Structures are given as C-alpha cells and as structure tokens.
Amino acid sequence: MAKRKKEVFDWEDEEQEEIIWVSKSEIKRDAEALKKLGEKLVDLTKTNLEKMPLDESLRDAVELAQRLQKEARRRQIQYIGKLLRAIDPEPIQEALDKLENKHQQQQAMLHKLELLRDELVEKGDNTLTELLIDYPQADRQYLRNLIRSAQKEREQNKPPKAYREIFQYLKELVLEE
C-alpha cells in the first residue's frame, strides 16, 4: 500500500485560511444561551415584544409559544433557539437589556423617593428646603402640611395616610420633570 505524502503547511504564508476549531461543548453552550434568550422573549408582554427587532418568522414563533403550554411550549422554545442561531442575536439581546435596565432604573428611583419621604418626615423643614432647591415648582405649604400630618399619625399610631400621600406627591413631582 502506498503512503500518502503529508501536506506541509507553511504557517508563514498569509494566503492560507486560519482554521478555528470549536468544541462540541462550546456549540452546546451557545445553543443553550440562545434558547434562554428565546425563553426571555416568550416571557415578554405584547407591548414589550413589539419593541424587539425581530423578523416576522421569529415573532410568529414567539407569539405561538406564548399561547402554548408544557411540552409544546418547551419544543417551541427549542425551535425559537434554532431560529436565533440563523440570525445575529446581538440587537435582540441589546433591546432586552435596555428593557431590563429601564425597569431597574425605575425601581431605583422609587427607592430614592421612599428614602426622601422618610427623611422629610424625620427631619422636616431642613430636608424640605433642600427638596425645594431641586424642585422649585413643588408646593411648600402642601408638603409642610403633609409632613406634619404624617408625624402626628406616627405619634398616635394611626394608619399612614399622609405618609402615603407624600410619596404620591413626590412621585408626581419627579415624573413631571
């Protein structure tokens, strides 16, 4: 039997293509990541789904998966993952990240308002003056009355009606801006 001549590669030759080996495990990890992206898409509300940069076939597959249950839903999500392998998922992932970040920013703003409300009830006029510097359109007299009412409610162990009203007023004030 004749021996074949081994091909000699000239690594210095720039014309030869660079061969990139991808392991089977890496391919599986990538497919699983795309399947998880598909699950996130299926969990979106209709309005948020419309904001996503999806082609028609992918959008139809996601809408179908939203209507399915159990095993059929699992298979449909698998199919969505397969569709995602054929396209560039980066724009979709970026849009999802923006959506999630928007929610986190909103939660952080609400927490800051709660802290501001607590500070207003605890410290009173000093914090109110600082607030009016940041928001000059705020109604000083109305806020002062709410703060006094909230302090009385706390002292008398009554339901925190004015306390909640302060939060609502602050929320409206911040959303106006």
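Our subject is the structure listed above.
First, a word on what this report is: a plain description of the structure on this page. On a predicted model such as this, the values are computed, not experimentally measured, just so you know.

Considerations on the overall build of the protein chain
- A count of helical and extended segments in the protein chain gives 8 helices and 0 strands.
- Starting at the N terminus and walking to the C terminus, you meet the elements of the protein chain as α-α-α-α-α-α-α-α.
- Across the 177 residues of the protein chain, 28% fall into the buried class.
- Looking at the protein chain alone, contacts between residues at least 24 apart form 58% of all its contacts between residues at least 6 apart.

A few points about the pattern of salt bridges
- Taken as a whole, this structure holds 5 salt bridges when the rule is applied.
- Two residues, Arg73 and Asp43, come together in a salt bridge whose shortest N-O distance is 3.2 Å. Here Asp43 lies in helix α1 (residues 24-43) and Arg73 lies in helix α4 (residues 70-85), a separation of 30 residues in the sequence.
- Given a relative accessible area of 24%, Arg73 falls into the partly exposed group.
- In this structure, the salt-bridge partner of Glu71 is Arg74, at a minimum N-O distance of 2.6 Å.

A look at unusual backbone geometry
- Unusually for a residue other than glycine, Lys70 sits at a positive phi of about 50 degrees.
- Mapped onto the elements, Lys70 comes out in helix α4.
- By relative accessible area, Lys70 is classed as exposed at 74%.
- With phi around 55 degrees, Asn157 is a residue other than glycine that occupies positive phi space.
- Mapped onto the elements, Asn157 comes out in the loop between α7 (140-155) and α8 (161-176).
- Residue classification places Asn157 among the exposed residues on the basis of a relative accessible area of 72%.

What to know about the environment of Ala150
- In this fold, Ala150 is placed in helix α7.
- Separated by 12 residues in sequence, Ala150 and Ala162 have C-alpha atoms that sit 5.0 Å apart.
- Sequence-distant contacts of Ala150, defined by excluding residues within four places in its chain, comprise Val121, Ala162, Tyr163 and Ile166.

Points about a nonpolar patch on the surface
- Taken together, the side chains of Ile20, Val22 and Ile27 present a nonpolar region at the surface, about 300 Å² in accessible area.
- Considering the arrangement of structural elements, one finds Val22 in the segment before α1.

Describing the packing of aromatic side chains
- This structure, assessed with the given rule, holds 1 aromatic pair.
- For the ring pair Tyr142 and Tyr169, a centre distance of 5.3 Å and an interplane angle of 65 degrees mean the geometry is edge-to-face. Within this pair, whereas Tyr142 is found in helix α7, its partner Tyr169 is found in helix α8, the two being separated by 27 residues in sequence.
- Arg117 extends its terminal NZ or CZ atom over the ring of Tyr163, reaching a point 3.9 Å from the ring centre.

Conventions and cut-offs
- Residues numbered from 1 in each chain as written.
- Predicted model: local features only at pLDDT ≥ 70, side-chain atom pairs only at ≥ 80, totals over all residues.
- Heavy atoms only, no water.
- Helix = DSSP H or I, 4+ residues; strand = E, 2+ residues; numbered from the N terminus.
- Buried < 20%, exposed > 50% of the residue type's maximum accessible area, 1.4 Å probe, protein only.
- Contact = heavy atoms within 4.5 Å.
- Salt bridge = Lys/Arg side-chain N within 4 Å of Asp/Glu carboxyl O.
- Patch = residues over 30% accessible without salt bridge, like charges linked within 9 Å, V, L, I, M, F, W, Y side chains within 5 Å.
- Areas by Shrake-Rupley, 256 points an atom, 1.4 Å probe, with all protein chains shown as cover.
- Phe/Tyr/Trp six-rings, centres within 6.5 Å; stacked < 30°, edge-to-face > 60°.
- Lys NZ or Arg CZ within 6 Å of the ring centre and 35° of its normal.

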